[in-house]
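# Architecture and fold: a report
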2 protein chains.
Amino acid sequence: MRRLNIYSLLVLFCAVLPSLHAEEGYKLWLRYDQVGDAQKLKAYSQIIKSYFVEGNSPTHGVISHELNVALQGLLGKTLPASQSVQAGSLLVTLASSPLLSPLNVGEKLKSAGDEGFVIFTSTLQGKKVIIISANKTPGLLYGTFHFLKLIQTQQDISNVSITSAPKLKIRILNHWDNLDRTVERGFAGFSLWDWHKLPDYLDPRYIDYARANASVGINGTVLTNVNANALILREDYLKKVAAMADLFRPYGIKVYLTARFSAPIEAGGLKTADPLDTEVQQWWKNKAAEIYKLIPDFGGFLVKANSEGQPGPQNYGRSHAEGANMLADAVKPFGGIVMWRAFVYDNNVPEDRAKQAYSEFKPLDGTFRDNVMVQVKNGPIDFQPREPFHPLFGAMPKTPLMMEFQITQEYLGFATHLVFLPSLFKEVLDTDTYAKDKNCTVAKIVDGSIDNHALTGMAGVANIGNDRNWTGHHFGQANWYGFARLAWDHSLTPEQIADEWVRMTFSNNADVVAPLKNMLLTSHEAVVNYMTPLGLHHIMGYNHHYGPGPWINKGRPDWTSVYYHKADSAGIGFNRTSTGSKALDQYADPVKKQMESITTCPEKYLLWFHHLPWTYKTKSGRILWDEICYSYNEGVDAVRVMQKNWNSVEGKVDAERFKMVKDFLAIQEKEAVWWRDACLSYFQSYSKLPIPSGLDKPPYSLEYYQKLSFPYAPGIRPQW
Amino acid sequence: MRRLNIYSLLVLFCAVLPSLHAEEGYKLWLRYDQVGDAQKLKAYSQIIKSYFVEGNSPTHGVISHELNVALQGLLGKTLPASQSVQAGSLLVTLASSPLLSPLNVGEKLKSAGDEGFVIFTSTLQGKKVIIISANKTPGLLYGTFHFLKLIQTQQDISNVSITSAPKLKIRILNHWDNLDRTVERGFAGFSLWDWHKLPDYLDPRYIDYARANASVGINGTVLTNVNANALILREDYLKKVAAMADLFRPYGIKVYLTARFSAPIEAGGLKTADPLDTEVQQWWKNKAAEIYKLIPDFGGFLVKANSEGQPGPQNYGRSHAEGANMLADAVKPFGGIVMWRAFVYDNNVPEDRAKQAYSEFKPLDGTFRDNVMVQVKNGPIDFQPREPFHPLFGAMPKTPLMMEFQITQEYLGFATHLVFLPSLFKEVLDTDTYAKDKNCTVAKIVDGSIDNHALTGMAGVANIGNDRNWTGHHFGQANWYGFARLAWDHSLTPEQIADEWVRMTFSNNADVVAPLKNMLLTSHEAVVNYMTPLGLHHIMGYNHHYGPGPWINKGRPDWTSVYYHKADSAGIGFNRTSTGSKALDQYADPVKKQMESITTCPEKYLLWFHHLPWTYKTKSGRILWDEICYSYNEGVDAVRVMQKNWNSVEGKVDAERFKMVKDFLAIQEKEAVWWRDACLSYFQSYSKLPIPSGLDKPPYSLEYYQKLSFPYAPGIRPQW
């Protein structure tokens, strides 16, 4: 009989129930463990002796509570909440407070807007204090969390002077959560939203969700899947939504919903959803009024229309702009907005799917209402491990374009692969579109500075579920965190984000910080290499997108893999140059020129834009086939280095998270090998070239890999 | 703008993240809080000074770990784990230990079997000790948990002498969990089993599941839904199952699977699943051999065949016995068993569904292999709030009949209604079948004592999900606990079970114990009254079974409500007497006689067996219609009394569980009123009689109740 050995049992025991101190990662980056460095702890305790939160809105209550809990944890003692300025006060108050009148705080906050803040050391009533101030209450909330971060990451606070304001107005999570609590492309369990028990029962976890988001400046959440259900607009469901909006409001978070374009038919009993039909327009206006009566600060609608079977204005011969504008008119009187997705998918299979969004939306520039944003995915296909930036960025100067990133790892290994997405996000944001001239980066298009838009935003498709640690992988938390940080300030580097996240989430110990940052910062290149190196894309398993599937060739052509890699005996890659699909015509000239030429096209985009012979000589001097083989192996090797880095922190982080991450890294390593072997087996059937000597050969036949099936991979429609 | 007031926020804050001591109910009845009574604490500390677990199997490791954690918690100090007998030792060792040779422990354990235990105070080597002993290792595990319970419930342990052995051999949970982690009729979130990550990642929660079950003597678990999927028999899934079996083994828990009868076709590629086909027989034999190679102590199969569309032997013109025996032959060489469900549902709608199982199975008595058990639901319909006992109990003396109870509250208010099911279970177990003579209770049929069966068992359809508190409702834990306790010893009373559960789970404080026991012990009658009083049954919402639906009249007749209540202008109730469906013919004569006569038929079964005029005079002196009205109101009133009882413990139990239970009770009260008003509105449309004065009138029209729709009620097949 097989038995667990005692050692494994003991290891498991460490993580289980009786010792309730087991570390499950629930606290995210808000751990507030006592400062480990004794000198710093002493210094902090000398500088902060009490806190004084002036004001009594619900948000002020949130701030007081957070300071109480956080300072107690960080400093290891209860600090008094005072009602007056004292030596060593941490004073949190609006710039308009008479207390601050000697200090000219308004000047410091001139360009901080409604959400920015200042934190500075000062002398008030002859006493040395630290002041957190802002023009409006949300700024106080963000300033408070920023200040706590200084201590969490063990910064010097003896003389602080910080001003910060978000570069984008709308910083929002998109939850692809269904009303039955399944989550489309969700890999961290099921939806947090327990619709059945709402509004009568409010899970305390909703509050922790709000706290976590507030701590990183997220100010909106779309509760429902873009593949939308009209039921959410029914009165009883709106009351459930209102209960959540009430909970989230003190945390500066507005609630949004997805609007199913055909809702006037399904929920309203009308015969049409034609946006030019006056009855339809009135139905939406009435619905908006009903919503705003329940939720006065309702954010607005996110819409996926005429894409992947979703209804939309084109069903009635109307344009996306006509559809979006109708909804925009309905919410406009209440201050609402419409986020209209550019991710469109015609029923007619296009010659090159990468071109479709641009072709449909570019001509509509200038025709949208001023409370409409067009939400554009980072790349022209669909959240692949690496894509060039979407050609719409820079192509619609009269329309505010919202960035849509995917935090959930639909195409990047689900919840068990450690991939630090800020690297991916930042690569896109920093790319120059050359829309007007050089130095028109994607980030500057999105933040409105190039085209002078006030309405700006960034959306992240959430990776959050009801798994105890929220994101499945403990390191998945870094992607939630990192997305939010970039939405606040896209000038941050992945290195900075990794540094603060590691310190807050794991440890300030240099022996932990260094290896964990190394893991994070090498992980994106790793996954690109072991999945889709050199510009390859969309070669994953069918439907669930789990594991490799370069052989997929059935179903709708632009849902297959062969459509994208175009491997044949001559070579591999998608020719999007002027001799191919001409997708490069959608980019500004300097971009087009760079990508068009195989000598200037960065090799990371090589097979995205070019079809090349297997024997094409790459920059390394190797032929393309060999370079592909080496790249896949580099990906696998990088995962193994990540494992070594992780193993080096054993005993320096808690045993429970150490074990779980170690187990997940073993899965990642196994699956990286699987990706490599399956893809090389498949491509070799065309290249007919040997795996270079010194590299591992696939241990199984191509047929073996092709036969693997995973009907219950998570994130897809459940079935009994 | 609506705002949460500060008070609500503060209440919520108590339950949330930063103060990690928030009580979420995760620890179940294994809290091990320090003994609150100072005198008792002192007494315990004087009696137990160290523990000595002799032996080193994995189960011994489990015992040591549990004692370490539990005694530390209960006594507030770490007790040494010694390797010798000392004054004040708690000695845990097998009866065969040379240490015990002076004590003739074997005599005490004569009828304790492999799982029973003794706990007794004794003198060994001149030292006063407490000894936990057993014939086999599982008994030590159960004895240990029993001993800990003595302290948890603050019993006197100065002179212990306890012998206990389970009355049933197989005490098992049935998980209706699907491979996509949805749970059929699951109301506590989703499945604990994360199949996608198995076997590479083992959630530490699996261990806590095993601990909890071991603590109450559960020794088996069926991991998969009775509406079975052949995929679970595929090699990769069997490896996942094996990993769980390895984890569960030290806790005395065997793993079982559901077998889809058509698996030889779906998983084996055969053209038939005919149980008399030799290829089919061989396929199952090979599959069994494959399973037992991975899991040497695999328990066996649970089968739902030819019921609600599931395939079965009747598809090939074979009997249930022929089907069961083929599977039994496959697992027999390895010691496995087959649990064959008697819950059959023909495609042909019968005159009275209550008769069907008996009609099909009674003739098969004596034709099953000796490793087959027939698993019979407690009542002849389907887990209704109250049913008379199933007529098969007592009718198949040559076949071991296993009891199937439903712990999940499919028909009893889902996870938000507080209903203590041991009351329901016990009512059935204590009922006399008169199978041979009087005093042939259902319990005695099930425990094998009447018909001399060694293979005995009880199955509970689990109410466990990935909700943090396991069961959705904190009080749902009492049903998991109570089911297990009755499976161990059906002579326990609901009062005893409630008492120990409340003490372990909430408090030994008399001001808490009394009101909570009152809530528990009145709750079953309450739900019967506000849902289905006086023998009414099966009048719930269609498909999801949520809320009242006495008007349901479409679809398959025996899935409607009108089929069961048969209300018309003349009266109400299902005539199952000799003038009706003759279902009473399936019971022994004394039972039949009692039920046949409306003067002796207990009123709780009145409308189950009789169709009576609205003006029929009941024992209270009221006419039937009035009695129905009063019964529904009694149900509502009882919930309100439960609320009062709960409110009385505010401040005496933790704030988090107090708030959640309070919210759930408010839902229960609201839904009890809904049930009452909807049912009375509907039945009144036939009775044409007024609601008695002094009772609340339904505030809405019948149409209002009929129009309510809940497409995403939990526990049904999810849909996007």
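The structure under discussion appears in the preceding block.
Residues numbered from 1 in each chain as written. Chains lettered and ligands numbered in written order. Predicted model: local features only at pLDDT ≥ 70, side-chain atom pairs only at ≥ 80, totals over all residues. Heavy atoms only, no water.

Below, the discussion takes up the overall build of chain A. Scanning chain A for helices and strands turns up 22 helices and 15 strands. What you see for chain A is a C-alpha radius of gyration of 26 Å, in line with the 27 Å of a compact globule of 720 residues. For chain A, the spread of C-alpha atoms along the principal axes amounts to about 80 × 70 × 60 Å. Burial statistics for chain A: of 720 residues in total, 66% are counted as buried. Looking at chain A alone, contacts between residues at least 24 apart form 72% of all its contacts between residues at least 6 apart. Here chain A has roughly 24,200 Å² of accessible surface; of this, 50% comes from carbon and sulfur atoms. Side chains of chain A carry 74 positive and 71 negative charges; the gap between the two charge centres is 2 Å. (Helix = DSSP H or I, 4+ residues; strand = E, 2+ residues; numbered from the N terminus. Rg over C-alpha atoms; globule rule 2.2 N^0.38 Å. Buried < 20%, exposed > 50% of the residue type's maximum accessible area, 1.4 Å probe, protein only. Contact = heavy atoms within 4.5 Å. Areas by Shrake-Rupley, 256 points an atom, 1.4 Å probe, with all protein chains shown as cover. Lys, Arg positive; Asp, Glu negative; His and termini not counted. Charge placed at Lys NZ, Arg CZ, Asp CG, Glu CD.)

Attention now goes to the environment of Asn 553 of chain B. Residues and elements named next belong to chain B. Note that Asn 553 resides in the loop between α16 (510-531) and α17 (562-565). Expressed as a C-alpha distance, the spacing of Asn 553 and Tyr 563, which sit 10 residues apart in the sequence, is 7.8 Å. When neighbours within four sequence positions are excluded, Asn 553 is seen to be in contact with Thr 560 and Val 562.

Residue and element names in this part refer to chain A. Strands sit in the order β6-β7-β8-β9-β10-β11-β12-β13 around a closed barrel of eight strands; the barrel is parallel. Here the strands of the sheet are splayed against their neighbours by 25° on average, with no regard to which way each runs. By the bridge criterion, three bridges tie strand β8 (residues 254-258) to strand β9 (residues 300-303) in an arrangement that is parallel. In the strand pairing of β9, Thr 258 is matched with Leu 302. Where helix α10 (residues 320-331) meets the sheet, it contacts β9, β10 (337-341) and β11 (372-377), and its direction lies at approximately 160° from that of β10. (Pairing = 2+ DSSP bridges. Axes fitted to C-alpha atoms, helices over the stretch in contact; angles between N-to-C directions.)

This part takes up the side chain of Asn 466 of chain B. Looking at where Asn 466 of chain B falls in the secondary structure, it is placed in the loop between β13 (457-461) and α14 (477-488). Note on Asn 466 of chain B: relative accessible area 12%, which makes it buried. Contacts of Asn 466 of chain B, omitting those with residues within four sequence positions, involve Asn 466 of chain A together with Arg 181, Ala 188, Gly 189, Phe 190, Ser 191, Leu 192 and Arg 205 of chain B.

Next up on the list: the pattern of salt bridges. Summed over the entire model, instances satisfying the criterion amount to 92 salt bridges over all chains. Across the pair Glu 115 of chain B and Arg 171 of chain B runs a salt bridge whose closest N-O atoms are separated by 2.8 Å. With Glu 115 of chain B in the loop between α4 (105-108) and β3 (117-124) and Arg 171 of chain B in strand β6 (residues 170-174), this residue pair connects regions lying 56 residues apart in the sequence. With a relative accessible area of 15%, Glu 115 of chain B lands in the buried category. Each of the salt bridges in this network shares a partner with another, and the network as a whole consists of Glu 24 and Arg 468 of chain A together with Glu 24 and Arg 468 of chain B. (Salt bridge = Lys/Arg side-chain N within 4 Å of Asp/Glu carboxyl O.)

This part is about the packing of helix α7 (residues 235-248) of chain B against helix α9 (residues 278-294) of chain B. Residue and element names in this part refer to chain B. Look at α7 against α9: their axes get within 9 Å of each other, and the N-to-C directions meet at 40°. By the angle between their axes, α7 is oblique relative to α9. The handedness of the crossing between α7 and α9 comes out as right-handed. From α7, Glu 235, Leu 238, Lys 239 and Ala 242 reach across to α9, where they touch Lys 287, Glu 290, Ile 291 and Leu 294. For the contact of α7 with α9, the per-class residue count stands at four nonpolar, no polar and four charged. (Parallel < 35°, antiparallel > 145°, perpendicular 65-115°, else oblique. Left-handed = near helix turned anticlockwise from the far one by under 90°. Nonpolar A, V, L, I, M, F, W, Y, C, P; charged D, E, K, R; others polar.)

With that settled, consider the nonpolar core. Counting residues in hydrophobic clusters, the biggest one holds 236 residues, and the most contacted among them are Phe 248, Trp 284, Trp 646 and Phe 683 of chain B. The element that contributes the greatest number of residues to this core is helix α21 (residues 655-687) of chain B, accounting for 12 residues. For Trp 284 of chain B, the contacting residues outside a window of four places in its chain are Leu 233, Ala 259, Arg 260, Phe 261, Ala 263, Pro 264, Phe 301, Met 326, Leu 327 and Ala 330 of chain B. Residues Leu 141, Phe 147, Ala 342 and Tyr 530 of chain A belong to the second largest nonpolar core, which totals 235 residues. (Core = buried A, V, L, I, M, F, W, Y, C linked by side-chain atoms within 4.5 Å.)

Okay, unusual backbone geometry next. The residue after Leu 198 of chain A, namely Pro 199 of chain A, is reached through a cis peptide bond having omega -5°. Relative to the helices and strands, Pro 199 of chain A resides in the loop between β6 (170-174) and α6 (205-215). The phi dihedral of Asn 104 of chain B is positive, around 55°, even though this residue is not glycine. Here Asn 104 of chain B shows up in the loop between β2 (89-94) and α4. On the basis of relative accessible area, Asn 104 of chain B is assigned to the exposed category, the value being 51%. The backbone of Phe 414 of chain B shows a phi angle near 60°, a positive value even though the residue is not glycine. Position of Phe 414 of chain B among the secondary structure elements: in the loop between β12 (401-406) and α12 (421-429).

Residues and elements named next belong to chain B. Compared with an ideal rise of 1.5 Å per residue, which puts 14 residues at 20 Å, α7 spans 20 Å between its outermost C-alpha atoms and is within 8% of the ideal. Counting buried positions along α7 yields 11 of 14 residues, so the element is predominantly enclosed. Taken as a whole, α7 has its buried residues at Tyr 237, Leu 238, Lys 240, Val 241, Ala 242, Ala 243, Met 244, Ala 245, Asp 246, Leu 247 and Phe 248. (Expected span 1.5 Å × (residues − 1).)

Residues and elements named next belong to chain A. In terms of burial, strand β12 (residues 401-406) is largely enclosed, as six of its six residues are buried. Here β12 shows two buried faces, one formed by Leu 401, Met 403 and Phe 405 and the other by Met 402, Glu 404 and Gln 406. When β11 meets β12, the two strands line up parallel, connected through four bridges. Bridged to Val 376 within β12 is Met 403. Two strands pair when backbone bridges link them, and β12 and strand β13 (residues 457-461) are joined in this way by four bridges, in the parallel orientation. Residue pairing for β13: Gln 406 is matched across the bridge by Val 461.

Summed over all chains, the structure comprises 93 aromatic pairs over all chains. Ring centres of Tyr 292 of chain B and Phe 334 of chain B lie 4.6 Å apart, and the angle between their planes is 10°; this geometry places the pair in the stacked category. Highlighted residues: Tyr 292 of chain B in helix α9 and Phe 334 of chain B in the loop between α10 (320-331) and β10 (337-341), separated in sequence by 42 residues. Under the relative-accessibility criterion, Phe 334 of chain B is labelled partly exposed at 34%. An aromatic cluster is present here, built from Tyr 26, Trp 29, Trp 193, Tyr 206, Tyr 209, Phe 248, Trp 470, Trp 480 and Tyr 481 of chain A joined pairwise through their rings. Lying over the aromatic face of Phe 343 of chain A, Lys 377 of chain A brings its terminal NZ or CZ to 3.1 Å of the ring centre. Cation over ring: Arg 576 of chain A sits above Phe 574 of chain A, and NZ or CZ is 3.8 Å from the ring centre. (Phe/Tyr/Trp six-rings, centres within 6.5 Å; stacked < 30°, edge-to-face > 60°. Lys NZ or Arg CZ within 6 Å of the ring centre and 35° of its normal.)

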